[in-house]
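Chain by chain, the residues run as shown.
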Amino acid sequence: MTSEGSGARAGDEIRVWLDDVWDRAAAAVILRGGDDAGPLARRPVLAEIYDDGTLAELRALTTTGDFSGDICRCHGSLTVALLDAHGEFIGSGSHHGRTDIAWERGRFRNNLEVADPGQLLAFLERHGAYRR
């Protein structure tokens with residue numbers, strides 16, 4: 001089997017996981033730091049997203065695109081963390097190179113090259129995660 005075939009299969013697994021966690025997400029927080037910034041609960045919060053429409057926009061921006069079959073070697077600049085209705089963390093993805101999201105990097109090891117990195121960056125800037 002080619003690496004392309006196994007990468008596509010891994011992307012399918014991540015998409016199933018993403019659908020599940022996003023369906024359960026009641027909120028999202030944007031946290032300072034990437035994969036090496038320590039426990040999620042101890043990081044500074046840059047933005048909080050509770051509105052259903054805004055959550056749907058963030059979901060589309062961070063789940064639409066193609067999986068690369070590899071991960072970025074940096075740790076990312078910030079983290080999108082999803083919370084359930086009880087305020088518990090249920091999933092997270094780090095933002096890499098302002099173009100990719102690495103969902104559960106240690107688990108999946110497969111960056112999502114987002115379909116519209118400019119719109120994702122604009123969203124993050126609009127919500128104060130990145131300053132212009």
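Being a predicted model, the structure only gives us computed values, none of them experimental. (Residues numbered from 1 in each chain as written. Predicted model: local features only at pLDDT ≥ 70, side-chain atom pairs only at ≥ 80, totals over all residues. Heavy atoms only, no water.)

Colleague: Give me the overall build of the protein chain: which residues, what numbers.
Modeller: Across its full length, the protein chain carries four helices and seven strands. Going from the N terminus to the C terminus, the protein chain shows its helices and strands as α-β-β-α-β-β-β-β-α-β-α. A compact globule built from 132 residues would reach a C-alpha radius of gyration of about 14 Å, and the protein chain, at 14 Å, matches this within 12%. For the C-alpha atoms alone, the extent of the protein chain along its principal axes is close to 45 × 30 × 25 Å. Within the span of the protein chain, comprising 132 residues, buried residues form 45% of the whole. For the protein chain, the share of sequence-separated contacts (at least 6 apart) that also reach a separation of at least 24 residues comes to 64%. One finds the centroid of the 15 positive side-chain charges in the protein chain at a distance of 6 Å from the centroid of its 21 negative side-chain charges. (Helix = DSSP H or I, 4+ residues; strand = E, 2+ residues; numbered from the N terminus. Rg over C-alpha atoms; globule rule 2.2 N^0.38 Å. Buried < 20%, exposed > 50% of the residue type's maximum accessible area, 1.4 Å probe, protein only. Contact = heavy atoms within 4.5 Å. Lys, Arg positive; Asp, Glu negative; His and termini not counted. Charge placed at Lys NZ, Arg CZ, Asp CG, Glu CD.)

Colleague: So what about the sheet that holds strand β4 (residues 78-83)? Which residues, and what values?
Modeller: By way of backbone hydrogen bonds, the strands of a sheet pair with one another, either parallel or antiparallel. Pairing within the open sheet is antiparallel, and its seven strands lie in the order β2-β1-β4-β5-β6-β7-β3. With one partner strand each, in any of the chains shown, β2 (45-49) and β3 (65-67) form the two edges of the open sheet. Adjacent strand axes in the sheet meet at a mean angle of 25°, parallel and antiparallel pairs treated alike. (Pairing = 2+ DSSP bridges. Axes fitted to C-alpha atoms, helices over the stretch in contact; angles between N-to-C directions.)

Colleague: Run through helix α4 (residues 117-126), naming residues and quoting values.
Modeller: Among the residues of α4, those classed as buried are Leu120, Leu121, Phe123 and Leu124. Looking straight down α4, one finds that the buried residues subtend no more than 160° of arc, so they occupy a single side. Count one or two residues on from α4 and you reach glycine 128, which has phi positive near 85°. (Arc of directions from axis to C-beta.)

Colleague: Any chance you could break down helix α2 (residues 52-63) for me, citing the residues and the numbers?
Modeller: With 12 residues, α2 extends 16 Å between its outermost C-alpha atoms, agreeing within 8% with the 16 Å of an ideal straight helix rising 1.5 Å per residue. Two residues or fewer after α2 comes glycine 65, characterised by a positive phi angle close to 150°. (Expected span 1.5 Å × (residues − 1).)

Colleague: Which residues make up the nonpolar core, and what values do they have?
Modeller: Membership of the largest hydrophobic core comes to 29 residues, with the highest contact counts inside it found for Trp22, Ile30, Leu58, Leu82, Trp103 and Leu124. For this core, the secondary-structure elements that each account for two or more residues are α1 (3-24), β1 (27-32), β2, α2, β4, β6 (100-103), β7 (112-114) and α4. Among the elements that line this core, the one with the most residues is α1, at five residues. Setting aside residues no more than four positions away along its own chain, isoleucine 30 makes contact with Pro44, Val45, Leu46, Ala47, Leu58, Leu78, Thr79, Val80, Leu124 and Ala129. Counting five residues, the second largest nonpolar core, distinct from the first, contains Val29, Leu31, Leu40 and Ala81. (Core = buried A, V, L, I, M, F, W, Y, C linked by side-chain atoms within 4.5 Å.)

Colleague: Describe the environment of isoleucine 71, naming the residues involved and giving the relevant values.
Modeller: Within the element layout of this structure, isoleucine 71 appears in the loop between β3 and β4. In this structure the C-alpha to C-alpha distance between isoleucine 71 and valine 29, which are 42 residues apart in sequence, comes to 23 Å. Leave out the neighbours within four places in its chain, and isoleucine 71 touches Arg105, Arg109, Asn110 and Asn111.

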